[in-house]
Amino acid sequence: MMAEKLAHVGLIAIVLAGSAPAAEMCVGAGQWALPGDATVRGVAPDRLFADLARGRVVLLGETHDNPDHHRWQLQTIAGLYALHPKLAIGLEMFPHRAQKVLDQWVGGELSEAQFLERSEWRTVWGYDAEMYLPIFQFARMNRLPLLALNVDRGLTRKVGDKGWAQVPPSEREGVSDPAPAGPEYLNVLWDSFRQHASAGQPSPPPTPDFENPAFLRFVDSMLLWDRAMAQGLAERVLRDDGTLVVGLMGRGHLEDGQGAPRQLANLGVSDAATLLPWDTASGCDEVTLRMASALFGVEPREPTNEDERPRLGIVLEQAEDGIRVQKVVDGSIAQQAGLHQDDLIESIAGQRVADTGDVIGAVQRQAPGTWLPIVVRRGAQTLDIVARFPPRARK
């Protein structure tokens, strides 16, 4: 399937002869390559981009907290824009309800601060906005449409709790029935399901149990995410007005032609090209032909002071009864402080919290070596908890 996709978008024909990288480096920094099975072949960027610009959809993967991935995305968008100025950018980061705010931002009606506040950035995404803002500013400077591709987190939780079939169509935000997950994707999702197991609960076994009801609901929630993004992209593509649509999303939604590409194909868009950043320290034994249309070598990140900042170690959700702790990471500061799954956070650092962004902001402001007071409601009890952040390690 991937070979057919590569042939369709013309990438196989532009391989550079004799350009296989040295054995110790699969993809060199700043180099583009086409994946094979445990091998890659270099590709000339000018020819690659010319071919991509003749397509309809280009999907750019990312690891959300890696700033170099976002710099690469911006570089790629700029290269495509130079060849195809009629371009739109679809974003996993925003739910559908943020579309009006995205339009206002692109139209020059909002300041940066207003954009982040009105789009509820801290609540709906929460990663450092500085990594993404250059992309948003490029879109605004060139008046390129930004597309909100995602659904409200409340719908994702509802599907995860009940299953897709139990959510009435009127509550599905217009998302159509997803194409079922293939066997390969189910294996990937099983690993993710195990990682998302609730703290204090037995972890699911390594061997997949595809009949596990909790797992099936988890699959439904992931397919919802994939389908919503694919549907948003497809709706723009199928207008057939010559727009090249670029989608930005986590690489897990793209690898091996699963996730969003599979849903796009089900919606009639089977020619999407998938591009992924590739850690130059990774070996070729991890590469497969189906992984992506092309890879770009990115050097491993050097640790920064920001990387050393302690994390509280909780996953939050905006519940009807407050800010709920969905998960506590094993060995984290939160676990050591005594936070439990299903605790409701009432205040942090002496301030009442109204949304998850209030909690995220307080934690991000916390300096190493300090204590953070948190008031939680656990059943009928109100508890005072102190999270102790260790001092920065000496070098």
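Below or above, wherever it landed, is the structure these notes cover. As the structure is a prediction and not an experimental result, all values here were calculated from the model. (Residues numbered from 1 in each chain as written. Predicted model: local features only at pLDDT ≥ 70, side-chain atom pairs only at ≥ 80, totals over all residues. Heavy atoms only, no water.)

1. Quick look at the overall build of the protein chain
Counting its secondary structure elements, the protein chain contains 14 helices and 14 strands. A separation threshold of at least 6 residues defines the contact pool for the protein chain, and within that pool the share at least 24 residues apart is 67%. (Helix = DSSP H or I, 4+ residues; strand = E, 2+ residues; numbered from the N terminus. Contact = heavy atoms within 4.5 Å.)

2. As for the sheet that holds strand β3 (residues 57-62)
Strands sit in the order β2-β1-β8-β7-β3-β6-β4-β5 across an open sheet of eight strands; the sheet is mixed. A single partner strand is all that each edge strand has here, and the edge strands are β2 (40-42) and β5 (146-150). The mean angle between the axes of side-by-side strands here comes to 30°, regardless of whether they run parallel or antiparallel. Sheet analysis places strand β4 (residues 87-95) next to strand β6 (residues 244-250), joined by five bridges and oriented parallel. Bridge pairing in β6 links Leu87 to Leu244. Here helix α2 (residues 45-52) sits on the sheet in contact with β1 (32-35), β3, β6, β7 (273-279) and β8 (294-298), set at roughly 65° to β1. Running over the sheet, helix α4 (residues 99-106) touches β4 and β5 and is turned about 160° from β5. (Pairing = 2+ DSSP bridges. Axes fitted to C-alpha atoms, helices over the stretch in contact; angles between N-to-C directions.)

3. Observations concerning the environment of Val287
Checked against the element boundaries, Val287 lands in the loop between β7 and β8. Once the C-alpha coordinates of Val287 and Val40 are considered, the two residues, 247 residues apart in sequence, prove to be 7.7 Å apart. Not counting residues within four places of it along the chain, the set of residues in contact with Val287 comprises Cys26, Pro35, Gly36, Asp37, Ala38, Thr39, Val40, Trp278 and Leu295.

4. Things to note about unusual backbone geometry
In this structure, Arg143 takes a positive phi of about 55° despite not being glycine. With respect to the helices and strands, the residue Arg143 is situated in the loop between α7 (129-141) and β5.

5. Regarding the pattern of salt bridges
Tallied over the full model, the rule gives 16 salt bridges. When the shortest N-O distance is used, the salt bridge between Arg97 and Asp152 registers 2.2 Å. Here Asp152 lies in the loop between β5 and α8 (153-162) and Arg97 lies in the loop between β4 and α4, a separation of 55 residues in the sequence. A relative accessible area of 43% places Arg97 in the partly exposed class. (Salt bridge = Lys/Arg side-chain N within 4 Å of Asp/Glu carboxyl O. Buried < 20%, exposed > 50% of the residue type's maximum accessible area, 1.4 Å probe, protein only.)

6. Description of the environment of Pro373
Positionally, Pro373 belongs in strand β13 (residues 371-378). Between the C-alpha atom of Pro373 and that of Ala387, which follows or precedes it by 14 residues, the distance is 6.4 Å. Apart from the residues within four sequence positions on either side, Pro373 is in contact with Ser347, Ile348, Ala349 and Ile385.

7. Points about the packing of aromatic side chains
On inspection of all chains with the given rule, the structure shows 19 aromatic pairs. When the ring of Trp32 is compared with that of Phe49, the centres are 5.7 Å apart and the planes differ by 80°; the resulting orientation is edge-to-face. In this pair, Trp32 sits in strand β1 while Phe49 sits in helix α2, placing the two residues 17 residues apart along the sequence. For the pair Trp32 and Phe49, a shared accessibility class is recorded, and that class is buried. Judged by centre distance (5.6 Å) and plane angle (50°), the ring pair of Phe193 and Phe218 falls under tilted. Highlighted residues: Phe193 in helix α9 (residues 183-195) and Phe218 in helix α10 (residues 213-237), separated in sequence by 25 residues. Among the residues examined, Phe193 registers a relative accessible area of 12% and is labelled buried. Here Phe218 falls in the buried class, since its relative accessible area comes to 12%. Each member of the aromatic cluster is reached from another via a ring pair, and the members are Phe94, Trp105, Phe115, Trp121, Tyr132 and Phe136. Sitting over the ring of Trp105, Arg140 keeps its end group 4.2 Å from the ring centre. The ring of Trp164 is capped by Arg172, whose NZ or CZ atom sits 4.2 Å from the centre of that ring. (Phe/Tyr/Trp six-rings, centres within 6.5 Å; stacked < 30°, edge-to-face > 60°. Lys NZ or Arg CZ within 6 Å of the ring centre and 35° of its normal.)

8. Some details on α9
Compared with the 18 Å implied by 1.5 Å per residue over 13 residues, the 19 Å span of α9 between its first and last C-alpha is a close match. Looking at α9, one finds that the buried residues are Tyr185, Leu186, Leu189, Trp190, Ser192 and Phe193. Along the axis of α9, the buried positions cluster into a sector of 170°, meaning they face one direction only. For α9, the secondary structure elements touched by its buried residues are α10. (Expected span 1.5 Å × (residues − 1). Arc of directions from axis to C-beta.)

9. Section: the packing of helix α3 (residues 67-83) against α7
Interhelical geometry of α3 versus α7 gives an angle of 15° and a closest axis separation of 8 Å. The angle between the axes of α3 and α7 places the two elements in the roughly parallel class. Where α3 crosses over α7, the two elements pack in a sense that is left-handed. In this structure, α3 contributes Pro67, His70, Gln73, Leu74, Ile77, Ala78 and Tyr81 to the contact, and α7 contributes Met131, Tyr132, Pro134, Ile135 and Phe138. The residue inventory of the contact of α3 with α7, partitioned by class, reads 10 nonpolar, two polar and no charged. (Parallel < 35°, antiparallel > 145°, perpendicular 65-115°, else oblique. Left-handed = near helix turned anticlockwise from the far one by under 90°. Nonpolar A, V, L, I, M, F, W, Y, C, P; charged D, E, K, R; others polar.)

These figures come from the coordinates and say nothing about function on their own.
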